[in-house]
Amino acid sequence: MSSAELRSRFLDFFHQRGHEVVPSSSLVPHNDPTLLFTNAGMVQFKDVFLGKETRPYQRATTAQRCVRAGGKHNDLENVGYTARHHTFFEMLGNFSFGDYFKREAIRYAWEFLTEDLGLPPEKLWVTVYEEDDEAADIWLKEMKIDPERFGRIGAKDNFWSMGDTGPCGPCSEIFYDHGPEIPGGPPGSPDEDGDRYIEIWNLVFMQYDRDASGKLTPLPNPSIDTGMGLERLAAILQGVHSNYEIDLFQNLIRAAAEVTGEKDLESKSLRVIADHIRSCAFMIVDGVLPSNEGRGYVLRRIIRRAARHGHQIGCKQPFFHKLVRPLAEEMGDAYPELLKAEEHVAKVLLKEEQRFAETLEHGLKILEQAIEGLDGKVIDGETVFKLYDTYGFPADLTADVAREHGLDIDMEGFERAMAEQKQRARNASQFSGGEEGPSLEGTPETEFTGYEATEHDGQVLRLLKDGEAVDQLSAGESGVVILDRTPFYGESGGQVGDSGWITVGESRFRVDDTQKQGGVFLHYGEMVSGRIQDGEGVHAEVDAERRAAIMRNHSATHLMHEALRHQLGDHVQQKGSLVDADKLRFDFSHFQPLTREEIRAIEDRVNAQILANIPTRAEVMSIDDARETGAMMLFGEKYGDTVRVLHIGSESVELCGGTHVERTGDIGPFKIVLETGVASG
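What counts and how
Residues numbered from 1 in each chain as written. Predicted model: local features only at pLDDT ≥ 70, side-chain atom pairs only at ≥ 80, totals over all residues. Heavy atoms only, no water. Core = buried A, V, L, I, M, F, W, Y, C linked by side-chain atoms within 4.5 Å. Buried < 20%, exposed > 50% of the residue type's maximum accessible area, 1.4 Å probe, protein only. Helix = DSSP H or I, 4+ residues; strand = E, 2+ residues; numbered from the N terminus. Domains from an automatic or database assignment. Contact = heavy atoms within 4.5 Å. Pairing = 2+ DSSP bridges. Polar contact = N/O pair within 3.5 Å; in protein donor to acceptor, adjacent residues only side chain to side chain. pLDDT = per-residue confidence, 0-100. Disulfide = S-S within 2.5 Å. Expected span 1.5 Å × (residues − 1).

**Here we look at the nonpolar core**
F112, L113, W139, W201 and F320 are the most contacted members of the largest nonpolar core, which has 91 residues in total. Considering every element that reaches this core, the biggest residue donor is helix α8 (residues 268-285), with 10 residues. When residues of this core are sorted by domain, at least three fall in each of domain 1 (3-243) and domain 2 (246-357). Apart from residues lying up to four places away in sequence, F112 is in contact with L6, R9, F10, F13, L117, W201, M228 and L233. Residues I371, L387, V401 and A417 belong to the second largest nonpolar core, which totals 24 residues.

And the structure:
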């Protein structure tokens, strides 16, 4: 049975049993800062398990793409050297959200393995959490498995959690016995780390939510989360011992051999390359670009590790990008997003290969010299840091080379050198950060009315001078006015704050800037004439001409964002912006400078939307309804239960709290006057 057939067989089995087949979610977890990458099938259902989100189904099944490289779950250093470690793998899973529980989950798993796939029951071994008598009784008394092939295991292996916090619960694991000719003992025995007994399926009985203190709180509805590695099960069904021997990997290994010129199909370097093209390609599909921090740095490390292994087997030219096509042939049917982004993925990989090629040769010479002159078995941290800092060698790449020479690296020394460099950078860039915002304890939130009006009456709730509350502001004094309701927009989302006037009779307070602190709007400015007293009724009036100019530029950023994604690809994401009355600046992710032709095409697309004079539409809705509209959301942003969805032009749909034009034609002509890079990616 091929890997593709197994994937379909699993999903069909559970679909026939009332499970919704849900597409794989992105490798970049949405709205979950606790995870670097999606590392299990249940990640996309985390809020469902917690009772924060509902779905139109109570049973689901998925084939989820996962990455384990960086953070708590990190398999990178073992990839290529063992039979079953990967940076990327597919997790097959079935889920119940308060519908069925342990009995059905156990029955489905046993039925799929022994009846649908035909695995001999005597080749399977089952474990449960040592305190889970309910699961033990189901296996032994109802499923009637052999007690000789059953064990109870402690929390280390049989109590599962997604991370340090979040959904968790006891689990039951199913192992495959490769036979007595393979070294290793059953789960829980001193020899359990051998290769005889291999875990293939983990059934998690999701009962609790663990908080930061370690406290376990029962979940609203006990649920089921299972996970089974596609590659491991395929190896069993195809009668091979290593995951790298299954059809999917063999095809990629042959493709890697062809593009590198390597003749030895057993080469560990070919294994590394075949594994790494999967993780790198799908990271890029999901919007990650090579960089020096966070997810982008994990991607860069993996690309450079693959490039070094190609170099090691004699391939001196960029080759990695040529494997995107063979990968798409293997996995494109299951993941059509890969086919759609194929050209973009290849471009990003080629660019990164070319960048690293400039320093790879020289860095390897430095490393070889360090190894030749080594007195002992450890490469010092300063050398490891120099290779990282000057030649772009991630520490794990240097560790790879060291391992091939029977050496270790001084990670503590490397991290010490890294910390010293960061401290030097901080010292060099120190500047006065100004004063913290004033204390607003007890101040009610301000009602913002600026979507509908630019002027109206209000009441003074508080006056501040030099950060302290005062009873009044007099002519010549600078300070802050806080109102119960205001048409002034407070700076946020890249849009600058409004300016204008707050008046009472002949007294005039000039508003130079409006900021937000929590839900309180602060009007900064100067008392030009007369005085304003705490509790007084006033008239607030925004500088309408300046507001209109800001709105034109803000609306243009939305049209440009859509045009960038249309022209360059869906990997383009907003990374920052500045919108004022004179201009707009838009920061976005992309792997190379734009060409003159691309800039012209973006301008033309935006101006076409402007000339169409399409009405702008804003809707307030729940975050779940907003997701259904396909509205653009920024990765890493935390959104409330209610959000504002903005439709501008015929294609742009984004979450935005800013102020905007009524029709696209109000924007006027659009021209890009400068494009530049601020950092890699």
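Alright, that's what it looks like, and here's the rest.
**Let's talk about the pairing of strand β8 (residues 197-210)**
By the bridge criterion, 10 bridges tie strand β7 (residues 166-177) to β8 in an arrangement that is antiparallel. Within β8, the position partnered with P167 by the bridge is D209. In this structure, β8 lies alongside strand β9 (residues 216-229), joined through 9 bridges in antiparallel fashion. Residue pairing for β9: Y208 is matched across the bridge by P218. Adjacent in sequence and paired antiparallel, β8 and β9 are bridged by 5 residues, among which G214 carries a positive phi angle near 95 degrees.

**Some thoughts on the side chain of H276**
Of note, H276 is situated in helix α8. Owing to a relative accessible area of 0%, H276 belongs among the buried residues under this scheme. A distance of 3.0 Å separates a polar atom in the side chain of H276 from a polar atom in the side chain of R305.

**Looking at the confidence of the model for the chain**
For the chain, mean pLDDT is 90; residues scoring 70 or higher make up 95% of the total. Low pLDDT (under 50) marks residues 431-435, which in the prediction has 0 contacts with non-local residues, meaning those over four places away or in another chain.

**Overview of the environment of D375**
Following the sequence through the fold, D375 ends up in the loop between α12 (342-372) and β10 (378-379). A relative accessible area of 79% places D375 in the exposed class. With 250 residues separating them in the primary sequence, D375 and D625 have C-alpha atoms 64 Å apart.

**Comments concerning the state of the cysteines**
For the coordinates displayed, the defined rule picks out 0 disulfides. With no disulfide of its own, C66 lies closest to C280 among cysteine sulfurs, the gap being 16 Å. C171 supplies the cysteine sulfur nearest to C168, a cysteine that is in no disulfide, at a spacing of 11 Å. Exposure remark for C168: the relative accessible area of 0% places this residue in the buried category.

**Comments concerning helix α3 (residues 102-116)**
Here α3 spans 20 Å end to end across 15 residues, near enough to the 21 Å set by a 1.5 Å rise per residue. Those residues of α3 not exposed but buried are K102, A105, I106, Y108, A109, W110, E111, F112, L113 and T114. Following α3 by one or two positions, G118 has its phi on the positive side, about 75 degrees.

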